[in-house]
Amino acid sequence: MAEQFLSTSALRDALADASFDRPPAIVSNAHITGLSVARALDAHDVPVIALDRNGDGVAPPSNAVEFAGTVTYPLEDFEGFQTDVEAIVEAVGRDVVPFGCMDEWAHAYARVDGDGVRLPFADAAVVDSVLNKSELYATCERLDVPYPETHRLSEVSIDEAADALGFPLVVKPALKREFEEAFGTNVIEVADREEFADVVTAAENEGIDVMAQKRIDVAAGEDRSLASYVPPAGVEDAIGVVGNARVRYPRQFGTSCLVERVDHPAIEERALGVLEETGYYGISESEFVYDADREEYLLLDVNTRPWKWIGMPVAAGVNLPMAAYAAVTDAGYEAAEPRDSRWVYLRDYLSLLAGEDAFWDVLSADDWAALLSGSFETAADTDLTTGVYRPTDPDPAAKLIETEFTDREYYCAC
């Protein structure tokens, strides 16, 4: 457990005084997703270093994290970030394996030019081609994989897009994270031409390429995502599970707060086809939603990194972070046959129960007893896991409560 969140220089000194019998893993950012990755790796005795631009995330106090400290935020100063990473590698005295847990961190580690960083995913050019919605949807067209009707505003006018799509419609960026930094969200729904023009103009002023997309009549609770690890050898050796975001918060377009494993071979086949076509290897989440009007699943996005509910496939016996780590080190890992698993992020799930009268609890009395007693961590007959709350590792949940009831708020929910 990291005793405290250190400055970059203090972290470098602490690492220089430590010894590592295998390459340590780095997780950035160090919040909900980073915590889940750290726990997945710690279960196989992989040492974990948590790096972030501040110490407000929930991962640093976890038992799964050995060291935690500040690193220059790559979107603000990439050269400074690279210098910090190089200094950390030098202090460790051996290679490190980075896990970027948001797009900007994955991008940054892929772009680090220097020895000592073993990337467990494809290089920056391939990652860019998958994350860029324009290129991703072009891949879907080639493979006949359905995706939402989309018009690239670099190719058509605002009026042409509006006439084709009608209102309301959705404005989204080709590259998500830049848009999130500028607008605080990765998608904006607009109700009329004036609002549409305002959003597009604001994006142009920020130098962000955007597209207009038909608003999908999403069937709530029917989402499907392939959570997978594809090794460098290709999709024939991929491992993964399909997850259903049964509950989101907010309900219609929010982030997942209860996800369960489901069998859906067609989704797996489509997702792996897209990954094979792009040449991507590494951890990814391929997101599909069910369009009630078209009566088919549409590919929305592919996240080329760990994501919020990555603890679900781990609990299902498919430890994607460990598979990725093992592929670039001397460690061994073999995934189990997937078993049923459900993941819940209690902070959002409880908010939904308290705030929406129309929402009915989908957890049973036995589920709640297992959560409150802590037996969900050890009982053989439970299929539950959680995003942050773990009685055997309580400090991350305590940190989350601290940020909920004070004026401190972490900058990212994932």
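Everything numeric here is computed off the predicted structure, so don't read it as measured data.

The rules behind these values
- Residues numbered from 1 in each chain as written.
- Predicted model: local features only at pLDDT ≥ 70, side-chain atom pairs only at ≥ 80, totals over all residues.
- Heavy atoms only, no water.
- Salt bridge = Lys/Arg side-chain N within 4 Å of Asp/Glu carboxyl O.
- Helix = DSSP H or I, 4+ residues; strand = E, 2+ residues; numbered from the N terminus.
- Buried < 20%, exposed > 50% of the residue type's maximum accessible area, 1.4 Å probe, protein only.
- Phe/Tyr/Trp six-rings, centres within 6.5 Å; stacked < 30°, edge-to-face > 60°.
- Lys NZ or Arg CZ within 6 Å of the ring centre and 35° of its normal.
- Arc of directions from axis to C-beta.
- Contact = heavy atoms within 4.5 Å.
- Polar contact = N/O pair within 3.5 Å; in protein donor to acceptor, adjacent residues only side chain to side chain.
- 1 Å grid on protein atoms, 1.4 Å probe; cavity = no way out; pocket = protein on both sides within 12 Å on 5 of 7 lines; lining within 4 Å.
- Points joined across faces, edges and corners; volume = space filled by probe spheres on them.
- Nonpolar A, V, L, I, M, F, W, Y, C, P; charged D, E, K, R; others polar.
- Domains from an automatic or database assignment.
- Buried area = accessible area lost by both parts, 1.4 Å probe.

A.B. asks: Whenever I open this one, the pattern of salt bridges confuses me. Can you help?
C.D. replies: Between side chains of opposite charge, a pair can form when the charged atoms approach closely. Applying the stated criterion to the full structure yields 19 salt bridges. Note that D159 is salt-bridged to R193, the shortest N-O span being 3.0 Å. Taken together, the residues D159 in helix α7 (residues 158-165) and R193 in helix α9 (residues 193-205) connect sequence positions 34 residues apart. With a relative accessible area of 46%, D159 lands in the partly exposed category. Its salt-bridge partner being R261, residue D263 comes within 3.1 Å of it at the nearest N-O pair.

A.B. asks: Hey, could you run me through the packing of aromatic side chains in this one?
C.D. replies: Pairs of aromatic rings are described using the distance from one ring centre to the other and the angle between the two planes. What the rule picks out here adds up to 14 aromatic pairs. Ring plane angle 65° and centroid distance 6.0 Å describe the contact between F81 and W105, whose orientation is recorded as edge-to-face. Note that F81 is positioned in helix α3 (residues 78-92) and W105 in helix α4 (residues 103-111), a separation of 24 residues in sequence. Classification of W105 by relative accessible area gives buried; the value is 0%. Taking the centre distance of 4.5 Å and the plane angle of 35° together, the rings of F179 and F183 count as tilted. Linking F179 with F183, this pair stays in helix α8 (residues 176-183), spanning four residues, or about one helical turn. Owing to a relative accessible area of 0%, F179 belongs among the buried residues under this scheme. Put simply, the rings of Y73, F78, F81, W105 and Y109 pair up and form one aromatic cluster. For R53, the ring lying beneath its charged end belongs to Y73, and the centroid distance is 3.8 Å. In this structure, R111 packs its charged tip against the face of F78, placed 3.9 Å from the ring centre.

A.B. asks: Can you walk me through helix α14 (residues 365-373) in this structure?
C.D. replies: Looking at α14, one finds that the buried residues are D367, W368, A370 and L371. The buried residues of α14 occupy one face: seen down the axis, they fall within an arc of 160°. Exposed residues pointing more than 90 degrees away from the buried face of α14 are listed as A365, D366, L372 and S373. Buried positions along α14 lie against β15 (342-344), α13 (346-355) and β16 (384-386).

A.B. asks: Honestly, helix α12 (residues 320-327) in this entry has me stumped. Any pointers?
C.D. replies: Because the α-helix completes a turn every 3.6 residues, residues three or four places apart line up on one side. The element α12 is extensively covered by neighbouring structure, given that seven of its eight residues are classed as buried. Within the sequence span of α12, burial applies to L320, P321, M322, A323, A324, Y325 and A326. Where the residues of α12 are buried, they touch α2 (32-42), β5 (97-100), β10 (224-230), β11 (239-249), β13 (282-291) and α11 (311-315). By the N-cap criterion, in which a side-chain oxygen at the helix start approaches the backbone nitrogen of a residue two or three places on, α12 is capped by N319, the distance to M322 being 2.9 Å.

A.B. asks: Help me understand the layout of surface pockets, please; the structure alone is not making it clear to me.
C.D. replies: Picture a little ball the size of a water molecule; that probe, rolled over the atoms, points out where space is still empty. Quantified by volume, the second largest pocket comes out at close to 610 Å³. If you trace the second largest pocket, you find 25 residues lining it, with V314, A315, E377, T385 and R390 closest to the centre. Breaking the lining of the second largest pocket down by element, the ones donating at least two residues are α2, α11 and β16. No other element matches the four residues that α2 contributes to the lining of the second largest pocket. Taken together, the residues that form the lining of the second largest pocket break down as eight nonpolar, nine polar and eight charged.

A.B. asks: I keep staring at the domain arrangement of the protein and nothing clicks. Help me out?
C.D. replies: Interface size, as often reported, equals the accessible area lost upon joining of the parts. On domain assignment, one finds that the protein holds domain 1 (8-121), domain 2 (149-214) and domain 3 (224-304 + 309-344 + 346-386). Inter-centroid distance (C-alpha atoms) of domain 2 to domain 3 is 29 Å. The interface of domain 2 with domain 3 comprises five residues on the first partner and five residues on the second. Taken over both partners, the interface formed by domain 2 and domain 3 buries close to 230 Å², and the fraction arising from carbon and sulfur atoms is 26%. Inspection of the region where domain 2 meets domain 3 yields zero salt bridges. Our count for the contact surface shared by domain 2 and domain 3 stands at zero residue pairs in polar contact (both at pLDDT 80 or more). In the side of domain 2 that touches domain 3, the residues fall into no nonpolar, one polar and four charged.

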